[in-house]
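Examining the three-dimensional arrangement
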Amino acid sequence: MTSLEESHTQTITRKRASALVGTTAAAAMLLAACGSSAPSTSKVTGGTATFAEGPGANPNYIFPLTPSTNFSVDNLAQFQILMYRPLYFFGNGEAAGVNYTDSIANPPVFSNNNKTVTVTLKHYVWSDGEQVTSRDVIFWMNLLKANKANWAAYVPGAFPDNVVSYSAPNATTVVFQLNRSYNPTWFTYNELSQITPLPIAWDRTSLSQPAPKPTAANLPDTTPSGAVAVYNFLNKQATSLSTYATSPIWSVVDGPWKLASFTTEGKAVFVPNKSYAGPNKPLLSKFVELPFTTESAEFNVLRSGGGAISYGYIPVTDLSQKGTIESAGYNVTSWIDFGFNYWVINFNNPTVGPIFKQTYVRQALQHLVDQPAWISTFLKGYAVPSYSPVPLAPANSFADSSSRNNVFPYSVSAAKSLLTSHGWKLVNGVMTCQSPGTGATQCGAGISSGETLTFNLQYLSGVTATQQEMAAFQSAAASAGIRINLSSGTFNQVITNAAPCKPTQASCSWQMENWGGGWEYSPDNYPTGGEIFATGAGSNFGNWNDPTTNTLIQATHTAANGQAALNAYQNYMARALPVVFQPAANYQISAISTKLRGVTQNAYLNLTPEQWYLVK
Amino acid sequence: MSIAESLNPDLEGGAVAGASPAGGEVASAYTGSAWRLTMRSFFDNRLGLIGLVMLLLLLLFSFAAPFVYHSNTLVANYSINLPPGPGHPLGTDGNGRDILGRLMLGGQISLIIGIASAIITTIIGTLWGAIAGFFGGAVDTVMMRIVDVLLAIPTIFILLYLQTIYHPTIALLIGTISSVSWLTAARLVRGETLSLRAREYVKAVRVMGGSRWRIVYRHIIPNTIGVVVVQATFTVANAILILATLGFLGFGLEPPAADWGSMLSGGVNYIYDGYWWLIYPAGLLIVLTVLSFNFIGDALRDALEVRLQRR
């Protein structure tokens, strides 16, 4: 292992959303490209590469207008993007940044004091023979506008609310008129980055209807009610996992790959899309994604050799086996993504929501997370702390001092002190509210006398480090008089539970959910956090509702000095604690077959098997 | 009351029907009470004796040893996966907790759940089987078809389904395991009842005007005790295995509670690291416990089954 590898390696945690951009500074991430260090041999055309999916994180949503319950890396960056290309592709090899070469559109042109944005398309075609046109972008926009509440990336006041109008003056041009001036970087990285052109063949409301042609008039998406009907139809089709590979809908693709088969367990077999008109046409004849329920299951297959996995990962608990894996024909290297890690707390839970709304309670919880010890003990050093929503890794210029320093270091006594000074007292080992009320030394609004600090926390199963972290937190919390009831669930179970909700809804009974990977900034590549912390945002899973946060986020979208606004935002969020921050582990310690070349580990976790090839 | 009396309250004296003396040694046993005969037969069974000793040791290990061996069994810390050594005779687990202490804790839970499940299973199975067997006809058909249907559903499916919709607790585990274990007991008791209901003393009670419920309660059920007790011991072993399976699959008790199956599962994560202390002790205890109950069950069956007794 090279020193560079040692500094980066590890982990298996999954980010909830797929990655993308960062900034120019984020491009500083340089991962050891072990694949290129192996001796060169003859290149093979064809062959099969297999990629190991994260534990319990199998793709389960194909429609690229994704709701929050399915907004995950395994759906967006490692599944949808293979078939349906976004307007802008992010990641230049292993470096961060927008990749205009691999994008469907040319760089956007901002005019009219940054209130008008013009996008021109390159020549791409759908697999049904139709050209990718501006009408396809309009189709996506129409669906979004009519169904924004169902979109995980929706931020009230932002996309599409801030778009006054959009039009397609010709087949390759789309013009967006904005309601005010916006920071072009933010608009490109967080708004245009969200768009995925959709084929007009999808513009229908039932499978029995013939696929419409782009030239057809009065297609249903052109009216709000029609767009709702089309969305409902496509969403329903997307929940029918067993039909993914055979569906006349999903078989129309413009990306380098199309599905040959798909199982409900998440095994996806892709074959090259012969109509793909973009760069980097696939060299492999087949690309396979394999599902695993636990990291141990994946590692057993990896370790057994035989080529069942071309591109897998080593769990942090099995790092001692690195030599064995290397001798079995793998290069081992880290995959670091641009994100931060946290677990979400439900402010709208009718029982414990009022408790979570107390800042001192959240501060007490944060005091019980021993990030340095978790990183050194459970993650073997392959992680960085998360002290705010702005990531520390890969190295970037976004994070300021408030994101680099721990405002709430591990301290059980500090946690207890915060609680006892606000009207809580240990009764039978559990902090119990003795002084209800809204005074400075009282429990706070909505908390009645006798209520206890008892919370349910569900975490990702199948990942040892996450289990260890949660057990450590449970013990620390118990020392402070907070009872944590732990349970575990698969990645998809956890992210489905952790959905935005209203207190009156039955689905709002969850209290704390930890899917293990926090947030990967993609397609919201500029880390302003609007998607996850703005009031009413589609991925504001915990229902955080804070006017100050909204103001600070809005400032990052429009301020002339974007970094100053971002500093104000992260400084506030590091103290407001809308979530419980925890260490951000490297995305994974990859084990890549020495026979598989051309692999680049995208900073936003996008898979690019079209660039891979096998050697003899 | 002797066991013979308890088996058949209408029987006067302590002789076991059908038994006859054969040889001096057996004659001596025959002259004793049925209880002494049973006990002697049991203790003559070496495997049964070994099983009993093993069980007593396991009970001491699980319930008495924690009073003299104090350790951290619940609080997670950063001394993870320490090998056996001073302070931790069997090392620590992936959460820094003392394995020996957690084995004791897991033993308590395993035995409590196993025995409680066996009791519930025995009560339900005995009543169900006795009623079905004695009343016969449509009652028997309906009751036993219910049993057949439930037996046709894969046990693991029922267990996992129940565990996923409810938070696992000791009570839930007992209920869950009992819900799938009483079926076998019901079948056995029903078969025994079919035989018993044709006996003369049952007919005599009928002639004397005894109610059907009295016959079931006073005569049928007591006479199935032998079958029931033997089945109960196997049920304990089976329940402990089910618990271990659930724990191994991640559906055991919620952390930081300990059960042997979950401990075994946690150890498997480190199987390539050579952390044997995470795997062997828990696995060994599961084997020993199940084995002890099986030995005891076999010996009890031999002792209680008249046809297998020496004459």
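Check the entry above for the structure.
This is a predicted model, so every value here is computed, not measured.

With that settled, the discussion passes to the pairing of strand E18 (residues 454-460) of chain A. Residues and elements named next belong to chain A. Of all the 7 residues making up E18, 6 are buried; the element is thus mostly covered by neighbouring parts of the structure. Two strands pair when backbone bridges link them, and E18 and strand E19 (residues 483-489) are joined in this way by 7 bridges, in the parallel orientation. Within E19, the residue paired with Tyr459 across the bridge is Ser488. Tracing the backbone out of E18, into helix H14 (residues 464-479) and back to the parallel element E19 gives a crossover that is right-handed. Direction of pairing for E18 relative to strand E20 (residues 512-514): parallel, over a ladder of 3 bridges. Bridged to Gln458 within E20 is Glu513.

What follows deals with the nonpolar core. Of all hydrophobic cores here, the largest spans 188 residues; its most connected members are Trp140, Leu143 and Leu379 of chain A. Shared between two domains, this core takes at least three residues from each, and those domains are domain 1 (3-252 + 587-615) and domain 2 (339-585) of chain A. Apart from residues no more than four positions distant in its own chain, Trp140 of chain A is found in contact with Leu65, Ile195, Thr196, Pro197 and Leu198 of chain A. Core analysis: the next-biggest nonpolar cluster, separate from the first, contains 66 residues, Ile242, Leu246, Phe251 and Phe293 of chain B among them.

Residues and elements named next belong to chain A. The antiparallel open sheet is built from 4 strands, whose spatial order is E5-E6-E8-E7. In the strand order of this sheet, the two ends are held by strand E5 (109-111) and strand E7 (163-170), each with one partner. When strand polarity is set aside, the average angle formed by the axes of neighbouring strands in this sheet is 20°. Taken together, the 5 bridges between E7 and strand E8 (residues 173-178) define a ladder with antiparallel strand orientation. Considered in E8, the bridge of Val163 is made with Leu178. In the packing of helix H4 (residues 134-146) onto the sheet, contacts are made with E7 and E8, and the angle to E7 comes to roughly 155°.

Residue and element names in this part refer to chain A. Most of helix H3 (residues 73-83) sits inside the fold, with 11 of its 11 residues counted as buried. Regarding H3, the residues found buried are Val73, Asp74, Asn75, Leu76, Ala77, Gln78, Phe79, Gln80, Ile81, Leu82 and Met83. For H3, the elements touching its buried residues are strand E2 (48-55), strand E9 (257-262), strand E10 (268-272) and strand E21 (519-520).

One can find Ala506 of chain A in the loop between helix H15 (491-497) and E20. Once the C-alpha coordinates of Ala506 of chain A and Ser388 of chain A are considered, the two residues, 118 residues apart in sequence, prove to be 31 Å apart.

Moving on, we get to the interface of chain B and chain A. Contacts between the two partners involve 16 residues from chain B and, on the opposite side, 19 residues from chain A. Class assignment of the residues belonging to the side of chain B that touches chain A gives a composition of 9 nonpolar, 5 polar and 2 charged.

Definitions and cut-offs
Residues numbered from 1 in each chain as written. Chains lettered and ligands numbered in written order. Predicted model: local features only at pLDDT ≥ 70, side-chain atom pairs only at ≥ 80, totals over all residues. Buried ≥ 20, exposed ≤ 12 C-beta atoms within 10 Å, placed from the backbone. Helix = DSSP H or I, 4+ residues; strand = E, 2+ residues; numbered from the N terminus. Pairing = 2+ DSSP bridges. Right-handed = clockwise from strand over helix to strand, strands pointing away. Core = buried A, V, L, I, M, F, W, Y, C linked by C-beta atoms within 7 Å. Domains from an automatic or database assignment. Contact = placed C-beta atoms within 7 Å. Axes fitted to C-alpha atoms, helices over the stretch in contact; angles between N-to-C directions. Nonpolar A, V, L, I, M, F, W, Y, C, P; charged D, E, K, R; others polar.

Treat this as a map of the structure, not an account of what it does.
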